[in-house]
Amino acid sequence: MALDDRDAQAEAEAVVRASGSSFRWGMRILPPERRRAMYAVYAFCRIIDDIADEPGDLGERQARLDGWRAEIGRVYDNGAVTEPIARALAPAVRRYRLPRAEFEALIDGMESDLQGRNLAPSLAELTLYCRRVAGAVGMLSMRCFGADQPEADAAAIALGEAMQITNILRDLGEDAADGRLYLPRELLERHGIATRDPDAVIDDPRVAGVCRELAALARRRYGEARDLIAQCDRHSMRSAVVMMVGYEALLDRMEAGGWRNPRRRVSLTLWRRLMLLRHLCR
């Protein structure tokens with residue numbers, strides 16, 4: 001049965017709605033056409049992230065990622081797509097000239113999670129991982145927002161790294177439960193933490209110092225992103241600013257807590273999200 005465009009778009013929106021992601025607040029203020037494009041991009045990201053994270057046979061999950069790599073190829077080569085989210089992506093790819101390499105970079109990043117390569121990576125490896133899983137999202141998002149100048153691309157990479165580090169700091173407990181540890185080995189060694197066992201690391205009181213240093217890196221990248229955003233068209237960057245401010249508020253809460261309980265996952269209240277959105281949309 002042929003895929004219907006409206007059904008495909010509805011499925012992408014349902015994925016976004018079910019995720020409960022903070023990104024949704026930035027997407028909701030976009031014009032309808034651009035919002036649909038962002039929903040499709042986010043839904044793709046959510047699906048491949050779930051493949052990397054969910055339990056199950058490693059080979060089967062790798063095959064599913066390979067299937068998505070082929071599906072993205074069909075989107076760009078005008079082939080017959082089989083997935084509703086790929087159908088929802090196709091008009092966004094054409095209309096906003098979304099780079100194929102960024103979708104492929106996202107899949108590369110998910111493969112590194114799937115294959116267990118993220119256990120106390122080096123700072124260089126962490127930077128590459130952030131570029132793949134978050135910078136790529138930023139590069140795609142900027143085009144959906146209507147921001148395609150070089151400063152917007154640079155902002156996407158800086159903001160993507162800052163937001164991904166924020167996620168890493170927020171999800172220490174969940175990642176440890178999955179056998180993952182994204183805290184870079186240089187910082188662990190600097191604070192005298194020799195073990196690479198995720199649970200042992202986050203239960204070590206010295207991990208608070210590691211988190212503070214990594215948070216400082218995120219702060220620098222947020223600052224760089226803010227400076228670059230200021231050089232871009234203000235209207236096209238509104239969604240990026242909403243997302244940035246929301247994630248910085250998460251980092252504020254974590255820093256205020258001092259990582260005394262790194263297993264506790266912080267979040268923003270609905271009231272706080274609404275206040276941020278109201279302020280930024282004036």
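First, a word on what this report is: a plain description of the structure on this page. (Residues numbered from 1 in each chain as written. Predicted model: local features only at pLDDT ≥ 70, side-chain atom pairs only at ≥ 80, totals over all residues. Heavy atoms only, no water.)

### Some thoughts on the overall build of the protein
Part 1 of the reasoning: Of the regular secondary structure elements, the protein holds 14 helices and zero strands.
Part 2 of the reasoning: The order of helices and strands in the protein, counted from the N terminus, is α-α-α-α-α-α-α-α-α-α-α-α-α-α.
Part 3 of the reasoning: The C-alpha radius of gyration computed for the protein amounts to 19 Å, which stays within 12% of the reference 19 Å derived for 282 residues, consistent with globular compactness.
Part 4 of the reasoning: Here the C-alpha coordinates of the protein stretch approximately 55 × 50 × 35 Å along the principal axes.
Part 5 of the reasoning: Among the 282 residues that make up the protein, the fraction classed as buried is 52%.
Part 6 of the reasoning: For the protein, the accessible area works out to roughly 13,000 Å², and carbon and sulfur atoms hold 50% of it. (Helix = DSSP H or I, 4+ residues; strand = E, 2+ residues; numbered from the N terminus. Rg over C-alpha atoms; globule rule 2.2 N^0.38 Å. Buried < 20%, exposed > 50% of the residue type's maximum accessible area, 1.4 Å probe, protein only. Areas by Shrake-Rupley, 256 points an atom, 1.4 Å probe, with all protein chains shown as cover.)

### Notes on the packing of aromatic side chains
Part 1 of the reasoning: A full pass over the atoms with the stated rule returns four aromatic pairs.
Part 2 of the reasoning: These aromatic residues form a ring-pair network of at least three members: Phe44, Trp68, Tyr76 and Phe103. (Phe/Tyr/Trp six-rings, centres within 6.5 Å; stacked < 30°, edge-to-face > 60°.)

### A closer look at helix α4 (residues 58-76)
Part 1 of the reasoning: With 19 residues, α4 should cover 27 Å at 1.5 Å per step; its first-to-last C-alpha distance of 28 Å lies within 8% of that length.
Part 2 of the reasoning: Within α4 the residues assigned to the buried category are Arg61, Gln62, Leu65, Trp68, Glu71, Ile72, Gly73 and Val75.
Part 3 of the reasoning: Elements in contact with the buried residues of α4: α3 (32-53), α5 (84-96) and α6 (100-114).
Part 4 of the reasoning: Residue Asp57 occupies the N-cap position of α4, its side-chain oxygen lying 3.1 Å from the main-chain nitrogen of Gly59. (Expected span 1.5 Å × (residues − 1). Contact = heavy atoms within 4.5 Å. Polar contact = N/O pair within 3.5 Å; in protein donor to acceptor, adjacent residues only side chain to side chain.)

### Examining the pattern of salt bridges
Part 1 of the reasoning: All told, the structure shown has 28 salt bridges when counted by the stated rule.
Part 2 of the reasoning: In this structure, the salt-bridge partner of Arg221 is Glu161, at a minimum N-O distance of 3.1 Å. Placement of the pair is Arg221 in helix α12 (residues 207-229) and Glu161 in helix α8 (residues 150-170), with a sequence separation of 60 residues.
Part 3 of the reasoning: For Glu161, a relative accessible area of 9% corresponds to the buried category.
Part 4 of the reasoning: One salt bridge in this structure joins Asp252 and Arg219, with 2.4 Å as the shortest N-O distance. Pair noted here: Asp252 is in helix α13 (residues 238-257) and Arg219 is in helix α12, with a separation of 33 residues, a long-range link. (Salt bridge = Lys/Arg side-chain N within 4 Å of Asp/Glu carboxyl O.)

### A few points about the packing of α3 against α5
Part 1 of the reasoning: With their axes 9 Å apart at the nearest point, α3 and α5 run at an angle of 130° to one another. The pairing of α3 with α5 is recorded here as oblique in orientation. In the packing of α3 onto α5, the handedness of the crossing is left-handed. Taking contact as the criterion, the partners of Glu33, Arg34, Ala37, Ala40, Val41, Ala43, Phe44 and Ile47 in α3 are, on α5, Ile85, Ala88, Leu89, Ala92, Arg95 and Tyr96.
Part 2 of the reasoning: Classifying every residue of the contact of α3 with α5 by side-chain character gives eleven nonpolar, no polar and three charged. (Axes fitted to C-alpha atoms, helices over the stretch in contact; angles between N-to-C directions. Parallel < 35°, antiparallel > 145°, perpendicular 65-115°, else oblique. Left-handed = near helix turned anticlockwise from the far one by under 90°. Nonpolar A, V, L, I, M, F, W, Y, C, P; charged D, E, K, R; others polar.)

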